[in-house]
Amino acid sequence: MNLSLQGNKINTKSDYNRIYLYDNIKFVAIFLVVIGHAIDFLTQERGNYLEKSLFLTIYSVHMPLFIFVSGLFVRPMDKSAKFPKQKVLSFILIGIAIRIFSSVLRLILGMKPKFAVFDMYDTYAWFMWAIAVFTVIVWVFRYCDIKILLIFSILLGIMVGYDKFLGDEFALMRIFVFLPFFIIGYMLSPENLAKIFSKRWLKIISFAVIVIILSCFFFDQHFYKYLRPMFTGRNNYYVFDDCYSFGFVFRIIAYVISGVLGFAVMCLVPDRNLGFFSSIGAKTLQIYFWHKMFLIVLEEFKFYDAVASLTGDIFATCIYVLTAIAITLICSIELFSFPTKQLLSFATKQK
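A quick note: this is a predicted structure, and the numbers were derived from the prediction, not measured.

Chemist: Account for the packing of helix α2 (residues 49-59) against helix α10 (residues 222-232), with residues named and values stated.
Modeler: Direction vectors running N to C along α2 and α10 enclose 40 degrees, while the axes themselves pass 10 Å from each other. In terms of orientation, α2 and α10 fall into the oblique class. Of the two elements, α2 crosses α10, and the hand of that crossing is left-handed. Where α2 abuts α10, its residues Lys52, Phe55, Leu56 and Tyr59 lie against Phe223, Tyr224, Leu227, Arg228, Phe231 and Thr232.

Chemist: Would you mind going over the nonpolar core in detail, with residue names and values included?
Modeler: Ranked by size, the top nonpolar core spans 108 residues in total, and within it Tyr22, Ile25, Ile30, Phe127 and Phe134 carry the most contacts. No other element matches the 13 residues that helix α1 (residues 13-43) contributes to this core. Isoleucine 30 has contacts with Phe66, Ile280, Thr284, Ile287, Tyr288 and Thr328, leaving out every residue within four places of it along the chain.

Chemist: Summarise a nonpolar patch on the surface; cite the residues concerned and give the values.
Modeler: A cluster of nonpolar side chains, namely Leu89, Leu93, Ile96, Ile100, Val104, Ile108 and Phe115, defines an oily patch on the protein surface of about 610 Å² accessible area. With respect to the element layout, isoleucine 100 can be found in helix α4 (residues 85-108). Taking relative accessible area as the criterion, isoleucine 100 reaches 41% and is therefore assigned partly exposed.

Chemist: Help me get a handle on the pattern of salt bridges, residues and values and all.
Modeler: Pairs can form between side chains of opposite charge whenever their charged atoms are close. One pass over the full model with this rule turns up 5 salt bridges. Taking the shortest distance from any N to any O, the salt bridge between aspartate 40 and arginine 228 comes out at 3.1 Å. Pair noted here: aspartate 40 is in helix α1 and arginine 228 is in helix α10, with a separation of 188 residues, a long-range link. For the salt bridge of arginine 234 with aspartate 168, the shortest nitrogen-to-oxygen distance reads 2.8 Å. Taken together, the residues span a long stretch of sequence, with arginine 234 in the loop between α10 and α11 (247-268) and aspartate 168 in the loop between α6 (146-159) and α7 (172-187) at a distance of 66 residues.

Chemist: An account of the confidence of the model for the chain is needed here, citing residue identities and associated values.
Modeler: Predicted confidence across the chain gives a mean pLDDT of 88, with 91% of residues reaching 70 or more. Every residue in residues 4-18 is under pLDDT 50, and counting partners more than four places away or in other chains gives 22 contacts.

Chemist: Any chance you could break down the packing of aromatic side chains for me, citing the residues and the numbers?
Modeler: In the structure shown here, the tally under the stated rule is 31 aromatic pairs. Between tryptophan 129 and phenylalanine 170 the ring centres are 6.1 Å apart and the planes differ by 40 degrees, which places this aromatic pair in the tilted class. Highlighted residues: tryptophan 129 in helix α5 (residues 126-140) and phenylalanine 170 in the loop between α6 and α7, separated in sequence by 41 residues. Ring geometry for phenylalanine 178 and phenylalanine 181: centres 6.4 Å apart, planes at 45 degrees, overall tilted. On the criterion of helical spacing, the pair formed by phenylalanine 178 and phenylalanine 181 is a turn pair, its members being 3 residues apart in helix α7.

Criteria and thresholds
Each chain has its residues counted from 1, running along the sequence as written. Owing to the predicted nature of the model, reporting of local features is limited to residues with pLDDT of at least 70; listing and counting of side-chain atom pairs is limited to 80 or more, with chain, interface and lining totals taken over all residues. As a rule here, side-chain values come from all non-hydrogen atoms in the structure, and water together with hydrogens is ignored. The angle between two axes is taken between their N-to-C directions and runs from 0 to 180 degrees, where each axis is a line fitted to C-alpha atoms and a helix contributes only its stretch in contact. A run of DSSP states H or I qualifies as a helix once it reaches four residues; a run of E qualifies as a strand once it reaches two. Both are numbered from the N-terminal end. Angle categories: roughly parallel below 35 degrees, roughly antiparallel above 145, roughly perpendicular from 65 to 115, and oblique for all the rest. Should the near helix be turned anticlockwise from the far one by less than a right angle, the crossing is left-handed, and should it be turned clockwise, the crossing is right-handed. Contact definition: two residues touch when any of their heavy atoms are within 4.5 Å. Note on terminology: a nonpolar core comprises buried Ala, Val, Leu, Ile, Met, Phe, Trp, Tyr and Cys residues joined through side-chain atoms within 4.5 Å. In this scheme, a residue with accessible area under 20% of its type's maximum is buried, one over 50% is exposed, and one in between is partly exposed, where area comes from a 1.4 Å probe on protein chains only. Patch construction takes residues with relative accessible area above 30% that form no salt bridge. Like charges are linked within 9 Å, and nonpolar side chains (Val, Leu, Ile, Met, Phe, Trp, Tyr) are linked within 5 Å. All accessible-area figures derive from a Shrake-Rupley calculation using a 1.4 Å probe, and residue coverage is judged against the displayed protein chains alone. What counts as a salt bridge is simple: a side-chain nitrogen of Lys or Arg found within 4 Å of a carboxyl oxygen of Asp or Glu. The predictor attaches a confidence to each residue, called pLDDT, with possible values from 0 through 100. Here a pair means two rings of Phe, Tyr or Trp (six-membered ring of Trp) with centres within 6.5 Å. Their orientation is stacked below 30 degrees between planes, edge-to-face above 60, and tilted elsewhere.

Here it is in structure tokens:
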């Protein structure tokens, strides 16, 4: 999701193709996000074998991938860079709008509204707040060696799991956990990275890596028990009870899996114009804003239970995933560009 509103001009043919590559990556990522949020509802209190395996697969990569790409297109900031106040404010306003819209929808449906200023447990708006914070961090530390900042962020992401009091307030746990992915993206050049992705031998290795990791997730449910709390990014190590001392090991494993799997996925994404699908990649923010509204309606009317009563759990899961894909397509139409288009245009006014 290119939330940085990078202002690079497309001047050459190579740049043109490169932009399509990242639109295609964002297309893949937003599908994973919507499907992941749909599966999350199914696995919170129950979940069959397929649902848990899908959850682990999607959550291992979708947010790290989104955050990485967001950092990738943030313009490098030197000592003279002005504070990107309008950009940061736009992200915060979009997050607030998400919470307001979803709360109003719950009221309309006769549900209890979930709205809180500081606690971000009940909403997906945390991502917008996190991107705002990440942008502020790279600006504040623009004087520092970015490699040192990366090392510090990784160590911090590992150690915060031992803090019992860090959690959903201001989404601080997730901010610290996912910060390294943003910084890695910020460090790299989109042009050079695209050249690496084009190597045929790397694509073959990436395919093999994806098959191996997914096989582990689908055939060994121990991964779900220990890695689900890590991939969500919002749990401390005390969820492991007596094993909490080894929490740092689970976090490191999660980091490695997310990094390797994310890189492998990007390697396999086509670097050409895919037409309609590439256009969806350019609309990820509006899809992110609206998709959960549709899922809230489905959850309230017990859509999954109705399908499962007729077809069984496994087939109902497949139908639910297909429905999530349909929601992604629906949210990509121009009608749903409000209010993200208007709020983001505010950021482009900053010189």
